[in-house]
Amino acid sequence: AKTAGRNTVRFYDPSMQAALDRRSTLENELRHAIKRGEFTLHYQPQFDRLHRLIGAEALLRWQHPRDGLIAPAEFIPVSEQTSIILPIGSWVLETACAQLAAWSHGERTRGLMLGVNVSARQFRQPDFVDQVRNVLDSSHANPELLTLELTESMVLGDVADTIRKITALKQLGIHFSLDDFGTGFSSFSCLTRLSLDQLKIDKSFVVNLPGNGADAAIVTAIITMARSLGLNIIAEGVETEMQRAFLDSQGCHAYQGHLFSRPLTGEAFEAFVGGI
Ligand code: C2E
Ligand code: CA
Ligand code: CA
Ligand code: CA
């Protein structure tokens, strides 16, 4: 880097400059995406051991005017590095709660749980608890049907703050799930200190089941531990009957994955529910 003028630093590596340009273009587009209505939530059904529909996970999609449907892996990480994740996170929570409230009026959707992904930055906001409370109040969604999905790295950042927020939100009836379990540097003692409801086994442990002995052993250990702590266990990324059968034999409580359904638009989800 070479200093150009007073406060600007220019990069002369063309590939680095190109990457920075791409990122600032993306940032700009994200800033406009919310007000242009380019975001949507898709809903992936979740099932219990008896194959009954119990709920869904809300998954964010960006309908880009030029590039088409963009997966969250392409813009969530960038959004998290800036504060763009904050308005996006608020939009997700508002839209998910509105959907939950709408489901309460349908005979077959009433009582379904809805999982919502929360980003680290969003959770760390000092007024996160108030934000959630306000969204619940204005949407009239039932807090008992809302599950907030947190990840290991974010809950371990500031454990005292995490405990305070989880405790306050649980008093409203909200449920908590620990997402991507096993992929981070999990501190098992934290599991007992945080009053979580659910543990979500990451799809990276599921994909090679049951043939991969190491993954099978990890999954068995996770399920055994979670059950002994009284946690509900859901496996994501379940694509085959063999995977489901193995998880079932180990005592897994719930499933989500392409074996059952891909994430669906709100409309397609209602059609799916109607067809069960
Ligand atoms: P995640 O929370 O671990 O979500 C599960 C991902 O696995 C989703 O990818 C889902 O579409 C995918 N999946 C579900 N079943 C299967 C399967 O059987 N096989 C395979 N191969 N994949 C399956 P998606 O929708 O692309 O989301 C990726 C990640 O983006 C999510 O991972 C989550 O961390 C993040 N994300 C999604 N929506 C939101 C959101 O609203 N807010 C935040 N902060 N993050 C979000
Ligand atoms: Ca998730
Ligand atoms: Ca995952
Ligand atoms: Ca995740």
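Residues numbered from 1 in each chain as written. Chains lettered and ligands numbered in written order. Predicted model: local features only at pLDDT ≥ 70, side-chain atom pairs only at ≥ 80, totals over all residues. Heavy atoms only, no water.

A. Structural context of the layout of surface pockets. Reported here for the largest pocket is a volume of approximately 940 Å³. Taken together, 38 residues form the lining of the largest pocket, with Glu57, Leu59, Pro72, Asn117 and Asp179 sitting closest to its centre. Of all the secondary structure elements, the ones that give two or more residues to the lining of the largest pocket are strand S3 (39-48), strand S4 (53-64), helix H2 (72-81), helix H3 (85-103), helix H4 (120-124), strand S7 (146-151), helix H6 (152-157) and strand S8 (175-181). A per-class count over the lining of the largest pocket returns 17 nonpolar, eleven polar and ten charged. (1 Å grid on protein atoms, 1.4 Å probe; cavity = no way out; pocket = protein on both sides within 12 Å on 5 of 7 lines; lining within 4 Å. Points joined across faces, edges and corners; volume = space filled by probe spheres on them. Helix = DSSP H or I, 4+ residues; strand = E, 2+ residues; numbered from the N terminus. Nonpolar A, V, L, I, M, F, W, Y, C, P; charged D, E, K, R; others polar.)

B. Looking closely at unusual backbone geometry. Omega for the peptide link from Leu209 to Pro210 comes to -5 degrees, which places this bond in the cis form. Structurally, Pro210 is set in the loop between helix H9 (203-206) and helix H10 (213-228). Phi is positive for His140, which is not a glycine, with a value near 60 degrees. When you line up the elements, His140 lands in the loop between helix H5 (128-139) and S7. You can call His140 exposed: its relative accessible area is 67%. (Buried < 20%, exposed > 50% of the residue type's maximum accessible area, 1.4 Å probe, protein only.)

C. Geometry of the packing of aromatic side chains. With the rule as written, the count across this model stands at eleven aromatic pairs. With centroids separated by 5.9 Å and ring planes inclined at 45 degrees, the aromatic side chains of Phe39 and Trp91 adopt a geometry described as tilted. Of the two residues, Phe39 sits in strand S3 while Trp91 sits in helix H3, which places them 52 residues apart along the sequence. For the residue pair Phe39 and Trp91, the accessibility class agrees, reading buried in each case. Geometrically, the ring pair formed by Phe123 and Phe128 is edge-to-face, given 5.4 Å between the ring centres and 65 degrees between the ring planes. On the basis of relative accessibility, which here comes to 0%, the residue Phe123 falls in the buried class. Taken together, the ring pairs in this structure connect Phe39, Trp62, Phe75 and Trp91 into an aromatic cluster. (Phe/Tyr/Trp six-rings, centres within 6.5 Å; stacked < 30°, edge-to-face > 60°.)

D. Seen up close, the coordination of the calcium ion (ligand 3). At the metal site, the calcium ion (ligand 3) is ligated by Asp180 (OD), Asp202 (OD), Glu236 (OE) and Glu236 (OE), and these contacts range over 2.0 to 3.2 Å. Separating the calcium ion (ligand 3) from the calcium ion (ligand 2) is a gap of 5.7 Å. Taken together, the positions of Asp180 in strand S8 and Asp202 in the loop between strand S9 (198-201) and H9 put the pair 22 residues apart, joining distant regions of the chain. By relative accessible area, which is 26% here, Asp180 ends up partly exposed. (Donors = N, O, S within 2.8 Å, 3.2 Å for Na, K, Ca; no water.)

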